[in-house]
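The residues making up each chain are set out below.
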Amino acid sequence: MPEPMLALAGVNTHIGQYHILQGVDFEVPRGGLTMLLGRNGAGKTTCLRTIMGLWRASAGRIRYEEADIQDLKTPAIARLGVAYVPENMGIFAGLTVRENMLLAARGGAPDLKRLGWIFGLFPALEKFWDGAAGNLSGGQKQMLAVARAIVEPRRLLLVDEPTKGLAPAIVANMIDTVIAARLKPALRSLPLTVPARSGYRFEQPAEDAGAGAEAQPKRDDRVDAKALAVMADGENQLQQQQD
């Protein structure tokens, strides 16, 4: 069996007096799409932040590309080819869409061909290219957050609740987009978190589909669309207490 791109083993994370992650184990295969499902406050955001080094694991091991990264700082992890889209999107509201993208392009001006590919995924970003990012709608801001993460080739993309608070029509487009991003040659794996009642379910491939088959997202119309507008994880409150 090939070595997974990302593997967590016995990972624990404390935030102040709170023990949030307790012995987390999971793997992200190369070229795979991995989802963390759970209720608000279950630790999904904490898990991604721990992988990125934003919060330090108090115990356990995090391996990326066969190297331990649990003791690395966030900039060092990012330089290894890991991109992160936070739950709060983290865009610079006072800057234009173009300036937000330029800041995310560490190697200089974005590659025009890749930028064209991104505009194909998110036409609204091209339309509002010179407009203030703070004036974008919630869905457009989420598009910008994802676009910044993939403006340069990345090997691993972590997306925290990409559908949070979005209109149902935009949710379907966002799911299609993250799948398209995963298929881009430079992007090998894509873990993301979604609420347990996000409106999507995953169907396992048929047994005869081959070893390379994986679960595919399907819209579950039985779920109320209002469930898409979820409250922020309780971890944000914990972070404020810690600060």
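Note: the structure precedes this text.
Residues numbered from 1 in each chain as written. Predicted model: local features only at pLDDT ≥ 70, side-chain atom pairs only at ≥ 80, totals over all residues. Heavy atoms only, no water.

J.: Can you walk me through unusual backbone geometry in this structure?
T.: It is generally the case that most residues other than glycine have a negative phi and that most peptide bonds are trans. Positive phi is not limited to glycine here, since glutamate 65 has a value of about 50 degrees. Mapped onto the fold, glutamate 65 is located in the loop between β4 (59-64) and β5 (67-68). Judged by relative accessible area, which is 25%, glutamate 65 ranks as partly exposed. At glutamate 66, a residue that is not glycine, the phi angle is positive and equals roughly 65 degrees. (Helix = DSSP H or I, 4+ residues; strand = E, 2+ residues; numbered from the N terminus. Buried < 20%, exposed > 50% of the residue type's maximum accessible area, 1.4 Å probe, protein only.)

J.: Just to check I follow, could you spell out helix α1 (residues 44-51) for this structure?
T.: In terms of burial, α1 is largely enclosed, as eight of its eight residues are buried. Listed in full, the buried residues belonging to α1 are Lys44, Thr45, Thr46, Cys47, Leu48, Arg49, Thr50 and Ile51. Phi turns positive one or two residues past the end of α1, at glycine 53, with a value near 80 degrees.

J.: So what exactly am I meant to see when it comes to the layout of surface pockets here?
T.: Left-over empty space is what a probe sized like a water molecule reveals as it rolls over the atoms. Its boundaries defined by the atoms lining it, the largest pocket holds a volume of some 590 Å³. Looking at the largest pocket, it is lined by 24 residues, and the ones nearest its centre are Ala83, Tyr84, Val85, Pro86 and Arg148. When contributions to the lining of the largest pocket are tallied by element, the ones reaching two or more residues are α2 (74-79), β6 (82-85), α3 (97-104) and α6 (138-149). With four residues, the single largest contributor to the lining of the largest pocket is β6. Class assignment for the residues of the lining of the largest pocket results in 15 nonpolar, five polar and four charged. (1 Å grid on protein atoms, 1.4 Å probe; cavity = no way out; pocket = protein on both sides within 12 Å on 5 of 7 lines; lining within 4 Å. Points joined across faces, edges and corners; volume = space filled by probe spheres on them. Nonpolar A, V, L, I, M, F, W, Y, C, P; charged D, E, K, R; others polar.)

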